[in-house]
Structures are given as C-alpha cells and as structure tokens.
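Understanding the architecture of this molecule
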Amino acid sequence: MLWFERPLIAVLRHEYAAAMRFAEDDAAEVMPAAPAAPCQLYVHVPFCEVLCPFCSFHRVRYNASKTKRYFDALRREIRLYHEAGFRFGDVYVGGGTPTVDPGELIETLDLVRTLSPVKSISIETNPNHLQPEVLQRYRAAGVTRLSVGVQSFDDGLLAGMDRLEKYGNAAQIRERLAAARGIFPTLNVDMIFNLPGQTLAMLDHDLSALQALAVDQVSFYPLMTARKSRHKMERSMGRSDPRLRHAMYERILDRLLPTYRAASAWCFSRSVGMFDEYIIDQDDYVGVGSGAFSYVGGAMFSTTFSLRHYCDRVEGGQSGITQRRLLGLKERMRYDYLVRLFGGELRRDHIARRYGRDFGVRMAPELAAMRLVGATRHDADAIRLTRLGMYCWVLMMAEFFNAVNEVREQMREHIHAELDAWNEEARVSVASIGRVVPSAGS
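I will try to describe carefully the structure that is included in this document. (Residues numbered from 1 in each chain as written. Predicted model: local features only at pLDDT ≥ 70, side-chain atom pairs only at ≥ 80, totals over all residues. Heavy atoms only, no water.)

**A word on the overall build of the chain**
Tallying secondary structure elements over the chain gives 16 helices and 17 strands in all. Classification of the 442 residues of the chain by burial places 55% in the buried group. Here the chain has roughly 19000 Å² of accessible surface; of this, 53% comes from carbon and sulfur atoms. (Helix = DSSP H or I, 4+ residues; strand = E, 2+ residues; numbered from the N terminus. Buried < 20%, exposed > 50% of the residue type's maximum accessible area, 1.4 Å probe, protein only. Areas by Shrake-Rupley, 256 points an atom, 1.4 Å probe, with all protein chains shown as cover.)

This is the structure in structure tokens:
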C-alpha cells in the first residue's frame, strides 16, 4: 500500500459523500433540457438470475411478468426523451443482466436506432448467456461491444461469489468466450482484482487465461462494494486485503500493457477507438430505467429505485427522474477533472472552452497535489496521467462509484421502509375491517 492511499481515500470518501446528496422535490422531477448535440444513452436493466454478494448495483431477482412491464416502460421513457429533443449517438446497456430477455432487449435497441443516429451499442451479459445464435441476433440489432462479466477464472472464487453453479466453471467460461470471439467488433471481459482470498498467483492465473483467449478488451476493476453489500460479501467470502491492491494493479499493467493500450485507468484495449463504458469524452449522458443516473447541463439526475414507481410514472407520461443534484462551478470542474483524466488526459482546449482561466485558479490545490505526488504530467496540450497516476485514478474512481453505491443502498432502504409502512397500514386496515364486518354466520 502506498503511503498516501489511506489519507487520499479518507478525503475522497468525505468529498464524494457530500457531492452525492440529491434533492427530492417537485422541481427535481423535471426532465432536463436537451443538449444541441447527440449524447450518450445509458439503459438500466436491473434483473439478475443470481444476486452476487459483492454487487452494489441496483438489481432485483428476475421475474418474467415484471420484466415485460419494465421493458415496456423503458421504451416509453426513451420515446419521451426523443419527444423532448434528445438524440443519442452511443448506447450502453447495463444492469443487472440486460440479456435476461433477448427479445425485449432487441426490441428496445431497435427503437433507439429508429429514433437516433446511433454509432455504437454496448451491452453487458454473463457467461451463461453466450449462446452463438442469440449473440448473432444482438449483432444484427447493432451491438458493437459485448461485455461479459467473468470476474475471475478461479473456481473457488467463483463459488464464493455464488457464480459457479449458475454461470459455469472456468473451463466452461473460457470455451464460451472463445466461441464468442469475432461476432462483435469488441468483445470485452470484465474482471475484478483484490477479491477476498485472491492471491497474486490467482491473479496471474486470470491474466494468463485472458492472454490465451486474446480478447479485444479487458476491464479490470478493483473490488467496489457499498457498506451493506460489503458486510454480506464478508460473511460469504471473507475480507479483501487492501495491502495487495497496488501490487495487483502493477501486475495487471506489467502483463497487459505490452499487448494492450490503456483506454482508461482500468480498461485495456487491443485497438484504438474501442468503445469503453465510461463517459470520458462526452459532456452529457442520459440514464433511463429504474435507478439510472444522468449528467446533463452540469446537473446530475437520478431516477426512482422502485420498479413499480418507475413504471407508474412513465406510464403516466413522466420520466423516471425523482432526484436532482445541481453542481456548482467548482464541482463541475472536479467532475471533469476526475472523468476526463480517467481516460488518460484532460486536454487544455477542453478546459479553455468550458472554464477559461478559472479552472487553473479554482482547481489549484488539486492540480498541485496530484502533480506533487507524481500522478500527473502537465504537457503543453494536456494534463496526462503517469503510471502512478493511473493507480491514483483507480482509487479515485472506485471511491466515486462507492459513493454512488451508497446512494443506491440508501434509496433501496428508503423504498423498503415505504413498502413496510404500506404493508403495515394495509394489515391494520384489514384487521379493523375484520372487527366491524359481521361474519357470514352472524
């Protein structure tokens, strides 16, 4: 562990926790104004066949009837954004497991392509859904990037994550990935490092498996869990060792960079221009579906985390948005600094266009601190990450997503509390009726 990790993470947690405080009122439910240029569309599909203990994303167990109504609402919301003037150039479908219902997903993708000038579509899936005939249907629907959640090729770790029985063992996963190669312009494999019980030898085994498969792209995430999910994971898998985090990341760079280039601090691609899931070169993005986030016009928006509330709202002609966070100028600068540099560089022409000279003045402490520790290099045309800076940005982005995950957990707890109160009210009401209504034998 590097000397500055603990204080850096402590500062980040405090700052991001404050930054992710959303307002929930009538004004927060208003859809943002459409930007002039096409932006990115994120589509959230929360359904999963297995709820992995480490996962903090908004997800629920798959149910066929709920899924049908949900996808209908998704398409209604996409049309609402189209009617409001939004157009989308890139589409990312995440979850959950978006491929739980191929027919509904393909119908949704067809709609987006009909309404907008879509250039690229990325969808997430799990290894058990790598069926060649279905993958060909996704390719025909315009999918250019398939991202497969593998997490590890170690059967013991897969069993600890409750993934072995449902998604297959390491040998089966490798066979399915090999069969999926060449169907899409980009086949990405999602991996996790610093899992509980994971050693450097296990990580080396994972890296060797990836190199043998020669997939187009690898995303290697550090373990990221919110508080409640972390406790659940620790009960089933144990605790991860933060002292191994930096050594593992260095091993990933050593093994992958000779063949791959860094598309972001934790995404590695064989070719330039491959679509990465993070918004590192666009000013705005829109999230549709329950529990989705948007960033439009310098403000963040969140949709309701209740599937029933989401469907009710959209069926009533509203978007799913229920919360808003207006970012001040310094917060927008920090967001750009974080997200753009995650992709490796923050270009000076972008800074000048958006902020002028204010950026250097207002961001002076952050700029100086990162330059002092050797995380950034200030070139004439851009600020760029060094190798050490790549690791710093892994920590920073991980804490940012941890803060988002905490919001997700708070919203889910809020929804559960509402449902419990509603159920208790209904129980009392039924009991009261039972006391005053005569029985059939009276």
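And the narrative resumes.
**A short note on the nonpolar core**
Counting 125 residues, the largest nonpolar core has Phe153, Phe220 and Trp393 as the members making the most contacts within it. A per-element tally of this core places helix 16 (residues 387–436) first, with 13 residues. (Core = buried A, V, L, I, M, F, W, Y, C linked by side-chain atoms within 4.5 Å.)

**Regarding the sheet that holds strand 17 (residues 382–385)**
Pairing in this open sheet of three strands is antiparallel, and the strands run 15-17-16 from one edge to the other. The open sheet has two edge strands, strand 15 (345–347) and strand 16 (376–378), and neither has a second partner. Direction aside, neighbouring strands of the sheet carry axes that sit 15° apart on average. In this sheet, strand 17 lies alongside strand 16 in antiparallel orientation, the contact comprising three bridges. Residue His378 lies in a different strand from strand 17, and its bridge partner there is Ile383. Across the sheet, helix 12 (residues 329–342) is in contact with strand 15, strand 16 and strand 17; its angle to strand 15 comes to roughly 120°. (Pairing = 2+ DSSP bridges. Axes fitted to C-alpha atoms, helices over the stretch in contact; angles between N-to-C directions. Contact = heavy atoms within 4.5 Å.)

**A short note on the pattern of salt bridges**
Applying the stated criterion to the full structure yields 28 salt bridges. Measuring nitrogen to oxygen at the nearest pair gives 3.3 Å for the salt bridge that ties Lys68 to Glu104. Within this pair, whereas Lys68 is found in helix 2 (residues 64–83), its partner Glu104 is found in helix 3 (residues 102–115), the two being separated by 36 residues in sequence. We note a salt bridge from Glu315 to Arg69, for which the minimum N-O separation is 2.8 Å. (Salt bridge = Lys/Arg side-chain N within 4 Å of Asp/Glu carboxyl O.)

**Quick look at the environment of Arg261**
The residue Arg261 is located in strand 9 (residues 261–264) in this model. Classification of Arg261 by relative accessible area gives partly exposed; the value is 33%.

**Comments concerning the packing of aromatic side chains**
For the structure shown, the criterion picks out 20 aromatic pairs. With 6.2 Å between their ring centres and 35° between their planes, Phe193 and Tyr249 make a pair best called tilted. Pair noted here: Phe193 is in strand 7 (residues 186–193) and Tyr249 is in helix 10 (residues 245–256), with a separation of 56 residues, a long-range link. Between Tyr337 and Trp393, the aromatic rings sit 5.5 Å apart at their centres with planes inclined by 75°, giving edge-to-face as the arrangement. Here the residue Tyr337 occupies a position in helix 12, and Trp393 occupies one in helix 16, the gap between them amounting to 56 residues. The class of Tyr337 is buried, set by a relative accessible area of 4%. (Phe/Tyr/Trp six-rings, centres within 6.5 Å; stacked < 30°, edge-to-face > 60°.)

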